[in-house]
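# Structural overview for review
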Amino acid sequence: MADTLDVDGRSVSVTHLDKVLYPATGTRKAEVIEYYDHVASLMLPHLWWRPVTRKRWPDGTGSQPFFEKNLPQGTPDWVTRRVIEHSDRSASYPLATSRADLIWFAQQAALELHVPQWTFPADDDGPLPKDQRRANRLVLDLDPGPGVPLTHTAEIALMVRDVLAGAGLTGYPVTSGSKGIHVYAPLPAAVTSDNARTVAKQIATALAAERPHDVTAVMSKAVRAGKVFIDWSQNSSAKTTLSPYSLRGRDEPMVAAPRTWDELEDPDLAHVTLSEMHSRVEDLGDLLADLDRAILSPDADPVQASTAEPGVVDLSEYRRKRDETRTPEPFGDSGDRAATDDTDDDASSPDDTPAGPIFVIQEHHARRLHYDFRLERNGVLVSWAVPKNLPVDPGQNRLAVHTEDHPMDYAGFAGDIPAGEYGGGHVEIWDRGTFETEKWRDDEVIVRLHGERIQGRYALIRTGDKNWLAHLMSDEPRPIVPDSLRDPHPMLATLEPVESLDAQTWAFEGKWDGYRILAQYTDGTLRLRSRSGIDMTADFPELGSLADDLGLLDVILDGEVVAIDSTGRSNFTLLASRGATEEPFEIRYLVFDVLFLNGTSLLRRPWHDRRAVLEEIAPLFARDPVVDVPPVLEGSGAEAMAHSRDRNWEGVVAKRRDSVYQQGRRSTTWRKQKNWQDVEVVVGGWRPGKGNRSSTIGSLLVGLPEETGLRYVGRVGTGLTDRQLAELTAELAPLRRKTSPFLDRLDRPIERDAVWVLPQVVAEVRFMDWTTAGHLRHPSWRGIRRDKLPGDL
């Protein structure tokens, strides 16, 4: 028989209150309803305007559950709902906006409530396209693999906290009630789900590289034993995470419980039960109060807040940083939009309101001189601190640091901020005027300024959490690539020891185990070239993100494409067999030089100048997990080699700091030293296999090209998987020929059953040493070099 509860004026029908939903503890439905009623005021802000996917156990946790997205028939009319278009259907999701909603979920035995990190706009009740879903918080799900205790997962969570803090974000931990820990962080501004996922993945992969023995960012469960998997994917628009304060459908009624960071350092850390949450709520309140404050103030009435007007001016951060009784700065009380204050002789009267949105640049003599650039937007001045002011040359790019929104009447402020106050120092107006907006996105703003001293079309490109790049856009056609770089080729290093070289004359970089690739992004088109000029753009679609990173720049970069394995190291074998391996890896483009930028060739510039240019544009890649600018190694050549051996790198490249870039040439101003020996060879034939290899290749016959032909250097049979052998057999079959391509005669047993092929396939082989006969000692196959031709060796 149904009972009816009056919940804040809404009638909720409840049934079977004595039904046991957690058999192991005898916890009944009535206790579940009581729990959700008790935590409603704390939980609702974290569900606010997020579609709720419910995981239901109608017959208790001892039975089979099911996920429910679409609202069932008979849902009360007062349940707020929104439609999401899936690839095969539309689904109507509930939104939890009241205490009654949570009690109705509990009545449905929806023990677990899962939500995404994005929210619906409160003023739009239509379907929300995927590309318009905006995430306002980040989540990293730390999932311990077999054998990993919760305390060790907490140790990794503390590392995540520190990385977030370094990016200017505040982390909030939640023990999930299952195995792991969720770490949330509020975002300063809503971003696309793709951008949020990219940031999360970058954090996860960075920690996995730092702690390869106990952290992984790879999805494959096969590599998780003994490690904590940092799941970054839950920031995708299609993914959901168990909401804070939600129950878990486990044997016992565990809760996704917000925790303090001090608790995570407790050696007796454990998950929290439903019964324990009652006292925690009373003693601690909402430990996540600041997580979703930008969406819904914890003191607000959720029902009333749902009708709030969008675009309300929020100057809370601005006011929090200033004491109104101590600083003469305006606090936005007047709402005046005038571009000057009453002390200026040219002050505008109320009738002189500018015809378009205004901008102002204020010269700010604080601890360090800088310029504050402000643009009118939605009733506030969106602001950036520009250390060197806006560029006046299209060839320049200037750092711009995003700061808090300022009130409109700040546009007329000039005067002295007292010492000891935030931004203390003298402020004067450097320029002002109006502007037109061409584009305004979370990561890119393009405006045309009409000022007294500054005019032109400017782009602001976001390169990090708060860092942006200011660029003066030329209205002329994009710069033309000089003839010398129409068909660029990389500079090559000579194989010489580097351990005796000093750090004053030489710079040292890691030698990476991959494909040397020049990335040319000009006229809005990205092209990837191998060392020998082969177009490999289609081979690495992952690098398409470079076009988004570079945006308005025309540039040619030099770097190495590598495959990063589950240990965080580059692995050429995985790169060469990436279409035929099931082992997890990630493609990365490691950039170490720049040849061309916005119409200017850098070939004749010394290395230290090119490196300075590269570091200036490096922030563009800060949010791209595929592209990285590795740091220059500190110390001497001997220290660099020791560093590379400790990290099991391929070796070290030394570059004279005054070296110019010599395209396609091997120069002693660049030197390389390896930690082991690799050689690139040409396949000239094979010997059939025996036993389980009888239908494929037993060993490959390889050589080195000389002017008159191919010099035989040995046989390679180890390091090849069965799949690689089958694929090589198919690839070499069309190249068969009747005669040997080698200059010298091979041993009779080898020649007797050898199958000869045209010498067209280049491969890389690792070996211990050379024999006295000039053959490879203990060679092992590494993979085909599809970026090279025999003539390149």
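Per an unreviewed UniProt entry, the protein chain goes by the name DNA ligase (ATP) and belongs to Williamsia deligens. Word for word, the UniProt comment on the protein chain under Cofactor (unreviewed entry) is "Mn(2+)".

Looking only at helices and strands, the protein chain has 14 helices and 48 strands in total. Per-residue burial for the protein chain yields a buried fraction of 52% across its 793 residues. In the protein chain, 65% of the contacts between residues at least 6 apart in sequence involve partners at least 24 apart. In the protein chain, the 94 positive side-chain charges and the 122 negative ones have mean positions that sit 10 Å from each other.

The side chains of a regular strand alternate, residue by residue, between the two faces of the sheet. Of all eight residues that make up strand 20 (residues 358–365), seven are buried, and the element is covered over most of its length. Where strand 20 and strand 26 (residues 425–440) come together, eight bridges link them in antiparallel fashion. Considered in strand 26, the bridge of Ile 358 is made with Thr 434. Pairing analysis gives seven bridges linking strand 20 to strand 21 (residues 369–377), with the strands arranged antiparallel.

Scored by pLDDT, the protein chain comes out at a mean of 85, with 91% of its residues at no less than 70. Counted against residues more than four places away or in other chains, residues 296–312, with its pLDDT under 50, gives 17 contacts. Long-range and interchain partners of residues 335–354, a stretch whose pLDDT sits below 50, account for 31 contacts in this model, where long-range means more than four residues apart.

One can find Ile 181 in strand 13 (residues 181–192). For the pair Ile 181 and Ala 563, spaced 382 residues apart in sequence, the C-alpha to C-alpha distance is 29 Å. Among residues more than four places away in sequence, those in contact with Ile 181 are Leu 140, Asp 141, Leu 142, Leu 150, Thr 153, Ala 154, Ala 157, Val 174, Thr 175, Ser 176 and Leu 264.

Here four strands make up an open sheet; going across it, the order is 30-39-38-31 and the pairing mixed. Each edge of the open sheet is held by one strand with a lone partner, namely strand 30 (492–495) and strand 31 (506–511). Neighbour to neighbour, the strand axes of the sheet diverge by 40° on average, direction disregarded. As paired elements, strand 38 (residues 651–656) and strand 39 (residues 666–674) share five bridges and run antiparallel to each other. The residue of strand 39 that forms the bridge with Lys 655 is Trp 670. Packing of helix 11 (residues 607–617) onto the sheet brings it into contact with strand 31, strand 38 and strand 39, and relative to strand 31 it is tilted by some 55°.

Here helix 6 (residues 274–284) has its buried residues at Leu 274, Met 277, Arg 280 and Val 281. The arc that holds every buried residue of helix 6, seen down its axis, measures 100°, which confines them to one face. Of the exposed residues in helix 6, the ones pointing more than 90 degrees away from its buried face are Ser 275, Glu 282 and Asp 283. Where helix 6 is buried, its residues touch helix 1 (29–47), strand 17 (254–255), strand 18 (257–258), helix 5 (261–264) and strand 19 (272–273).

Looking only at helix 11, the buried set comprises Trp 607, Arg 610, Arg 611, Val 613, Leu 614 and Ile 617. Considered in projection along helix 11, the buried side chains sweep an arc of 160° and stay on one side of the axis.

Bringing the pattern of salt bridges into the picture now. Taken as a whole and assessed by the stated rule, the structure comprises 56 salt bridges. Here Arg 432 and Glu 452 are joined by a salt bridge, their closest N and O atoms 3.9 Å apart. In this pair, Arg 432 is assigned in strand 26 and Glu 452 in the loop between strand 27 (444–451) and strand 28 (455–462), connecting sequence segments 20 residues apart. Overall, the relative accessible area of 15% leaves Arg 432 in the buried class.

Okay, unusual backbone geometry next. The bulk of non-glycine residues show a negative phi, and the bulk of peptide bonds are trans. Of note, the phi angle at Asp 8 is positive, near 50°, even though the residue is not glycine. With respect to the element layout, Asp 8 can be found in the loop between strand 1 (3–7) and strand 2 (10–14). Among the residues examined, Asp 8 registers a relative accessible area of 57% and is labelled exposed. Residues other than glycine seldom take positive phi values, yet Asn 389 does so here, at roughly 70°. Structurally, Asn 389 is set in the loop between strand 22 (380–386) and strand 23 (397–402).

Right, let's talk about the packing of aromatic side chains for a bit. Tallied over the entire structure, the rule returns 16 aromatic pairs. With 6.0 Å between their ring centres and 90° between their planes, Tyr 318 and Tyr 410 make a pair best called edge-to-face. Of the two residues, Tyr 318 sits in helix 8 (residues 316–320) while Tyr 410 sits in the loop between strand 24 (406–407) and strand 25 (415–417), which places them 92 residues apart along the sequence. Tyr 410 shares its class with Tyr 318; the two are buried.

Packing of helix 1 against helix 2 (residues 99–107) leaves a shortest axis separation of 8 Å and a crossing angle of 140°. In this view, helix 1 runs oblique relative to helix 2, as classed from their interaxial angle. For helix 1 against helix 2, the interelement crossing comes out right-handed. Contact residues: helix 1 offers Lys 29, Val 32, Ile 33, Tyr 36, Asp 37, Ala 40, Met 43, Leu 44 and Leu 47, while helix 2 offers Arg 99, Leu 102, Ile 103, Ala 106 and Gln 107.

Between helix 3 (residues 150–166) and helix 4 (residues 193–210), whose axes approach to 11 Å, the crossing angle comes to 125°. Here helix 3 lies oblique to helix 4, going by the angle between them. Crossing hand, helix 3 versus helix 4: right-handed. On helix 4, the residues touching Met 159, Val 160, Val 163 and Leu 164 of helix 3 are Ile 203, Leu 207 and Glu 210. When the residues that make up the contact of helix 3 with helix 4 are grouped by side-chain class, the tally is six nonpolar, no polar and one charged.

So, about the pairing of strand 13. Two elements, strand 11 (residues 134–144) and strand 13, share eight bridges in a ladder whose sense is antiparallel. From the neighbouring strand, Leu 138 faces strand 13, where its bridge partner is Ala 185. Joining the antiparallel neighbours strand 12 (residues 172–175) and strand 13 is a turn of five residues, in which Gly 177 adopts a positive phi near 85°.

Turning to the sheet that holds strand 6 (residues 66–68), a few remarks are in order. On the basis of which strands lie adjacent, the open sheet formed by four strands has the order 6-5-9-16 and antiparallel pairing. At either margin of the open sheet sits one strand with a lone partner, and together these are strand 6 and strand 16 (241–242). Where strand 5 (residues 53–56) meets strand 9 (residues 110–115), four bridges bridge the pair, whose relative direction is antiparallel. Across the sheet, residue Arg 54 finds its bridge partner in strand 9, namely Leu 113.

Here Pro 116 lies in the loop between strand 9 and strand 10 (118–119). Judged by its relative accessible area of 2%, Pro 116 is buried. Separated by 39 residues in sequence, Pro 116 and Asp 77 place their C-alpha atoms 24 Å apart. Those residues in contact with Pro 116 that lie beyond four places of it in its chain are Arg 50, Pro 51, Arg 137, Lys 239 and Thr 240.

What counts, and where the lines are drawn
- The residue numbers shown here count from 1 along each chain, following its written sequence.
- Local features in this predicted model are restricted to residues whose pLDDT is 70 or higher, and side-chain atom pairs enter the listing and the counts only when it is 80 or higher, whereas totals over whole chains, interfaces and linings include all residues.
- Neither water nor hydrogens contribute to the side-chain values; these are computed over all heavy atoms in the structure.
- UniProt positions are given in the numbering used here, feature names are shortened, and annotations may be inferred rather than shown by experiment.
- Here a strand is any run of E in DSSP of at least two residues, a helix any run of H or I of at least four, and the numbering for each starts at the N terminus.
- In this scheme, a residue with accessible area under 20% of its type's maximum is buried, one over 50% is exposed, and one in between is partly exposed, where area comes from a 1.4 Å probe on protein chains only.
- Throughout, a residue-residue contact means that at least one pair of heavy atoms, one from each residue, lies within 4.5 Å.
- Just so you know, the count uses Lys and Arg for positive and Asp and Glu for negative, and it drops His and the chain ends.
- Where a charge lies is defined by one atom per residue type: Lys uses NZ, Arg uses CZ, Asp uses CG and Glu uses CD.
- DSSP bridges decide pairing: two strands pair if at least two such bridges lie between them.
- Per residue, pLDDT measures the predictor's confidence, with a range of 0 to 100.
- Axis geometry follows a simple rule: fit a line to the C-alpha atoms, using only the stretch in contact for helices, then measure angles between N-to-C directions, giving values from 0 to 180 degrees.
- The reported arc concerns the directions from the helix axis to the C-beta atoms and nothing else.
- What counts as a salt bridge is simple: a side-chain nitrogen of Lys or Arg found within 4 Å of a carboxyl oxygen of Asp or Glu.
- Stacked, edge-to-face and tilted are the three classes for Phe, Tyr and Trp ring pairs, Trp counted by its six-membered ring, which pair at centre distances within 6.5 Å; planes under 30 degrees apart are stacked, over 60 edge-to-face, the rest tilted.
- Every angle not falling under 35 degrees, over 145, or within 65 to 115 is termed oblique; those three ranges are roughly parallel, roughly antiparallel and roughly perpendicular.
- Crossing handedness follows the turn of the near helix against the far one: under a right angle anticlockwise gives a left-handed crossing, and clockwise gives a right-handed one.
- When residue character is reported, Ala, Val, Leu, Ile, Met, Phe, Trp, Tyr, Cys and Pro are called nonpolar, Asp, Glu, Lys and Arg charged, and the others, Gly included, polar.

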